[in-house]
Structures are given as structure tokens and as C-alpha cells.
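# Chains, contacts and geometry: an overview
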Amino acid sequence: MTVLSLTRPTSRLLTMGVATVLALGLLGEGGATNAASAATTESATTTAPAAPTAAAKPGLRFAPASSTVQAYTYDGFAYLDSGVWLAAYGETHEFWAKRKKASAPVSLTRTVIRDGRRTTTKAPAAIVDGLNGFKNGLTVQVATTKGKVLAKDTRSLCVGGSDRQRVEPTGRTEPVYPAFCGGSWFTRSSVSGIEQGWAAKLDTYFELETTQKNLVMTVSISDPVADFLGLPAKGRTVKQQVEVVDECEIFDCGEVAEELMGTPAEGFSSVQDGDGASARAESLRAQSGHTGHGSGSGSTGAGHRTNLFTLGDAAHAGGDHPALGQRGSTPSNRKPAKDTLPDLVSAPAWQIGTEVDEAGTDRLTFNANEWNAGPAPLVVEGYRRGAGELMDAYQFFYKDGKEVGSTRTGTMEYHQAPEHNHWHFLDFASYELVTTKGKPVTPSGKQSWCLAPTDPVDLAVPGAVWRPEATGLDSTCGDRSAIWLREVLPAGWGDTYNQTQTQAFDLTKVKNGTYQIKITVNPNGALHERTRSNNVSYRTVVLGGKAGKRTVTVPPYEGVDTEVEVAPER
């Protein structure tokens, strides 16, 4: 398995394939629609006149696209994206990637949904690339107009694509499936697909060093994968003419360079470094709102996003919050019903290493992920306490997409530091290095969080949300002027942070030997959840070396070596 990844020097990682997934929110369309039921109810179509073009034969097909595309060049490099779409005509195609545990092989199935009937087939193991889709399913080639091949790359085919558009006036009003493939070491299941009447944009991004002004780009789906998907023999390749334009003649080159090269989106990680798919997924990450501030949401250092919550004031008046001044329609609820609660789970640490930080201190770095096994979302809101830099935090409870209660749950504070400068919730998790007998050795410098769904962990759990970005609630870390914010962790999703620099373990006084990284979610019990039996995880590490050159050896976890640069294919 190879997982989309982008190592970031900041404090938060978003694994995935992550990807795009994350514009941050939580309940289904209309407030609480379960994505699973929405996906299977093919009768939920819009009323529209007959398609203006002849109806295509049911199945997956390349959607009509321009025969010419424009690419951009900067500093001798050309940046291309063909804009090729794969469309589902007359039926929905749903893909599930599942495994029982991290060391188990991934099983990939396709379900075709037509006229309410579901037909499921299992993909041959030879064409499955773990959680990433179809192995070597997509080939992108760039050549001169005379046919000389300049570059060619074969990559995994994610049928979920990176963007969605409608291809005919039938089908659902909005897409249901996530626009990504992939996951972390501990992802159990993920779903992707193309809804009837919709098309997914394929990952055809390419960059190469060239001075050519006219190129030819060819995109093709491999025969084994095309056979499984049912693509016609003559409809497996798209060829386009490419015109290369020097953007420096039009815009300021400094701005162009930042846009073309991409400002790496904070959060998208690092399950494994060095994955070539990372650069190709950058356009997805730019949509997520997780950019360069180490917190997990927002578009810039300030990190605030548009609030997507659309219910009226009467439906979301809140409990007896001081900031509201009076009791609203949502009662204070200190003993919420179990079916309105999340189930917070701690995953074991991974991608563990050593570094010497900017101050010359030896550190033990690691990734940490805490996720919500459902069935309800975790929703925490902060209300500013006067003019100070503290907020009173409240947990809200939801049932069937409706807010049914809330209660005080802790504190949020403004975190002023490089790559932060936003608000954090103080009572979410704790990271400790302990002895093999559980005795504390040293804590992590990370003691506060801005929650957001960065990783799909198990989208098959009850209440799982498939498209957090379209759900009606939005996470934000806020800036210094914020008087309110909301942090959300939907069912099925986790939040990954990368602990480096001062947030990693200080090894100055830690002797060589065997220890464990202890990760605890909801350590103080401040958050209401279904059970606390799965709140703690441990990962064994063996420290060695000497000052300035400390080393760490990490034994496999459940038969899986999570420390290799690229995860093995299984």
C-alpha cells in the first residue's frame, strides 16, 4: 500500500489521502442525512427535463472534455493538468476498501447501483493498491507534437477523483462520496465512488522541465482495471493538445511561483514520507483549508473558515451560555443519552524518529491520531470569556442531525506562537513517554488542540460521515479577535498531529533503553463519550545513541512496520 502523504514541519498532519476531505464539518446534507442511506437511495433524484444530449449507455465513461488544455511554465518547469473526467451514466459506482487490521490485506469491492438494485463484485488482488484504489491503473504521458516522449508516469487510479461536476441533469443534487482515496496506517475502511449523473476529475497533474511551447498529453486507464470497471475497449485513452504559457508575462512571478508550486497544506501528512503521489495531490489539499498554521483549519495563518452551519437561530440557540445571555432551545444536559455521544479512540503512535531541534535539544518525534468511532459527532464550541484570551468550552450533543443538548466541558485558550496564533481546546488528549511499567518519564510539549477531521479511519461505523466539507458544521481555530468558534470531529474520522520541535519529547535527561509512547484521548474525562475503555494506546520504542545523535528503534505493531518510508504493498 502506498498512501498519499506530505511531510510538514508544522504540528499537524493530514493523512490521506487525504485529502480534500477536509473542509471540516459534520452532519449530512439537510442537517443530518446519513451518507450511506443517501448513496443507496437512487430514487432521490432531481426533477429535470430530458438531457440535452443523447443518453449515454449506462456505465463509467470518460466525460467530454476539451481537446486542448493550457499549461503554465515558471523557471523552466511546465505545470500541466489535463482536466480529464470519469463519469457515471445511468448508474452509481461505489467502491469500498476494507481490512480487518493494519497487517491484513485490503479488500476492494465495487457496487453498481441501478434502479435501486445493487450488484457487488470483488476486485482481483493484483489490481488493488491498498487503500489508494487501483494499482497502476492510470498512466499520464507528456510528449512533443512530433511524438517524442518527455515524461511518463503510471500511478494508482482513485475513482473518487479530486473534484466533482455533473454531466447530465439527473441524479442527486450534490455528490455523496468523498473526493479522495487513501488513509493512515490504522485506517480500517474507506469509501469512494461516482454518483449517477456525476463525474470525478482524475489525478493527472504533472510537472516537468521543458522549454517546449506545444505538447501532447495522453491519459489512459490500464486494460486490467478498465476491464474490471467495464470501460469500452475504444474508450480507455484521452489525448489532448497542450499550449504552454509563460505566466511571468502576465502576472507577478513571485505570486505565480507560490500558486504553481503550492504552499504545502498544513496537516496532510505523513503516514510515509517520500510518496510521489503527494505532489499530485497538492491541488486537493489546497481545498481543505488546512494551510500552514499548525492548527488544523483555516486558509492562512489566521486560520478561519466560512461557517457552513445553516440552521436558524431557534434551532441552534444553545444552552445556558454566558455569551448568549439567556437560555435557548437547547437545554443544558449533563447526562446525555448514549446515542448522542461520540466514542473517542486513541490510535498508537507511528512515524517515530529523532531530531535535534533549533535549540540543540534531542527530541523524539511521532505522529498521534485520536478518532471518533461514533455514532454521534464530537462538537465543542468556545465562547469568549470577556476580553481575555480564554473561552469557556461547551460540548454539544446531536441526534438524527438535530442539536439536543449541551454542557460545559472545559476551556479554550489563544495560542500565540509561530505557525499557531489561534485558539486551542485544552482537554482533548495527552502524550507521555513512560517506562515499560507505566511510570511517567517526560510529557510532550503538545497540550492543546484544534480539532478537525484529517483522516478517515473507519467510514463504516454507525453515523460515519463521508463528506465532512458538505455537512453543515464547520471547524475553525479562529484568530485573536474571535469571540466564538466550533471544533468538530465527525464519526469515522480522526485528527492527526505531528509532534516535532518543542512538541516532541525532550530526551535530554532520558537514558537509552526501552520505553512506551502513551497517548490518551479525553485524559481528564471532561468530554462525554460512550466508553473510555479505548482511550489509551501504547507504542514501544527503544532509544540509543548519544547526545546530538540519538537513535530510536520501533518494533512492528500488530505485525506492521509503520516506520518504513513507504508502506509495503499488500
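One numbering rule holds for all chains: residues counted from 1, following each sequence as written. Owing to the predicted nature of the model, reporting of local features is limited to residues with pLDDT of at least 70; listing and counting of side-chain atom pairs is limited to 80 or more, with chain, interface and lining totals taken over all residues. Excluding hydrogens and water, the side-chain values take into account all heavy atoms of the structure.

### Brief notes about the overall build of the protein
Helix and strand assignments follow DSSP, with helices taken as H or I runs no shorter than four residues and strands as E runs no shorter than two, numbered in order from the N terminus. When its secondary structure is counted, the protein shows 5 helices and 31 strands. By the burial criterion, 57% of the 570 residues in the protein qualify as buried. A separation threshold of at least 6 residues defines the contact pool for the protein, and within that pool the share at least 24 residues apart is 74%. Of the roughly 23,000 Å² of accessible surface on the protein, 50% is carried by carbon and sulfur atoms. Buried residues are those whose accessible area, probed at 1.4 Å on protein chains only, stays under 20% of the maximum for their type, while exposed residues exceed 50% and partly exposed ones sit between those limits. The criterion used for residue contact is that any of the two residues' heavy atoms lie within 4.5 Å. All accessible areas in this document rest on Shrake-Rupley with a 1.4 Å probe, and a residue is counted as covered only by the protein chains that are shown.

### Details of the nonpolar core
If you look at soluble globular proteins, the nonpolar side chains tend to sit buried side by side. Residues enter a nonpolar core if they are buried and are Ala, Val, Leu, Ile, Met, Phe, Trp, Tyr or Cys, with the set joined through side-chain atoms within 4.5 Å. Membership of the largest hydrophobic core comes to 37 residues, with the highest contact counts inside it found for Leu-364, Phe-428, Tyr-431, Leu-433 and Ile-517. With near-sequence residues (within four places) excluded, Ile-517 lies in contact with Ala-349, Ile-352, Leu-364, Phe-366, Glu-432, Leu-433, Phe-505, Ser-537, Tyr-538, Arg-539 and Val-541. Counting residues in hydrophobic clusters, the runner-up holds 29 residues, among them Leu-60, Phe-95, Leu-157 and Val-238.

### Looking at the sheet that holds strand β11 (residues 164–166)
At least two DSSP bridges between two strands are needed for those strands to be called paired. Strand order in this open sheet of 4 strands is β2-β5-β13-β11, and the pairing throughout is antiparallel. At either margin of the open sheet sits one strand with a lone partner, and together these are β2 (59–62) and β11. Put simply, the sheet's adjacent strands are angled 30° from each other on average, direction ignored. Two strands pair when backbone bridges link them, and β11 and strand β13 (residues 198–201) are joined in this way by 3 bridges, in the antiparallel orientation. By the bridge assignment, Arg-166 is partnered in β13 with Trp-198. With axes taken as lines fitted to C-alpha atoms, and helix axes fitted only over the stretch in contact, angles between N-to-C directions fall between 0 and 180 degrees.

### As for the packing of aromatic side chains
Centres within 6.5 Å are what make two rings of Phe, Tyr or Trp a pair, Trp counting through its six-membered ring; a difference in plane orientation under 30 degrees is then read as stacked, over 60 as edge-to-face, and the rest as tilted. All chains considered together, the criterion is met by 13 aromatic pairs. Ring geometry for Tyr-414 and Trp-423: centres 5.6 Å apart, planes at 65°, overall edge-to-face. Through a chain of ring-to-ring contacts, three or more aromatic side chains come together here, namely Phe-366, Phe-428, Tyr-431, Trp-449 and Phe-505. Sitting over the ring of Trp-96, Lys-98 keeps its end group 4.8 Å from the ring centre. Of note, Arg-110 hangs over the ring of Phe-228, and the distance from its end group to the ring centre comes to 5.3 Å. To sit over a ring, a charge needs its Lys NZ or Arg CZ within 6 Å of the ring centre and within 35 degrees of the ring normal.

### With respect to empty space enclosed by the protein
Every definition here rests on a 1 Å grid over the protein atoms only: cavities are sets of points where a 1.4 Å probe fits but cannot get out, pockets are open sets enclosed by protein on both sides within 12 Å along at least five of seven lines, and lining residues have some atom within 4 Å of a point. Grid points are joined across faces, edges and corners, and a volume is the space filled by probe spheres set on the points. Going through the model one piece at a time under the given rule, you end up with 2 cavities of 30 Å³ or more. Estimates place the volume of the largest cavity at around 100 Å³. Lining the largest cavity are 14 residues, with Phe-95, Leu-108, Gly-133, Cys-181 and Ser-192 sitting closest to its centre. Every element with two or more residues in the lining of the largest cavity is listed here: β6 (92–98) and β12 (189–194). Here the term charged refers only to Asp, Glu, Lys and Arg, the term nonpolar to Ala, Val, Leu, Ile, Met, Phe, Trp, Tyr, Cys and Pro, and the term polar to all other amino acids, Gly among them. Within the lining of the largest cavity, the residues separate by chemical class into 10 nonpolar, 4 polar and no charged.

### Details of the state of the cysteines
Criterion for a disulfide: a pair of cysteine sulfur atoms at a distance within 2.5 Å. Inspection of the entire model under this criterion finds 2 disulfides. Paired by a disulfide, Cys-158 and Cys-181 hold their sulfur atoms 2.1 Å apart. Between Cys-158 and Cys-181 the sulfur-sulfur dihedral comes to about 85°; the bridge is accordingly right-handed. A residue pair is termed long-range when its members are at least 10 positions apart, and Cys-158 in the loop between β10 (149–157) and β11 and Cys-181 in the loop between β11 and β12 qualify at 23 residues. For Cys-158, a relative accessible area of 18% puts it in the buried group. The side chain of Cys-450 participates in a disulfide bridge whose partner is Cys-477; the two sulfur atoms lie 2.0 Å from each other. The sign of the S-S torsion, about -110°, decides the handedness of the disulfide formed by Cys-450 and Cys-477: left-handed. Highlighted residues: Cys-450 in the loop between β24 (440–443) and β25 (455–456) and Cys-477 in the loop between β25 and β26 (484–489), separated in sequence by 27 residues. Take Cys-450: its relative accessible area is 0%, and that puts it in the buried class. The class of Cys-477 is buried, set by a relative accessible area of 0%.

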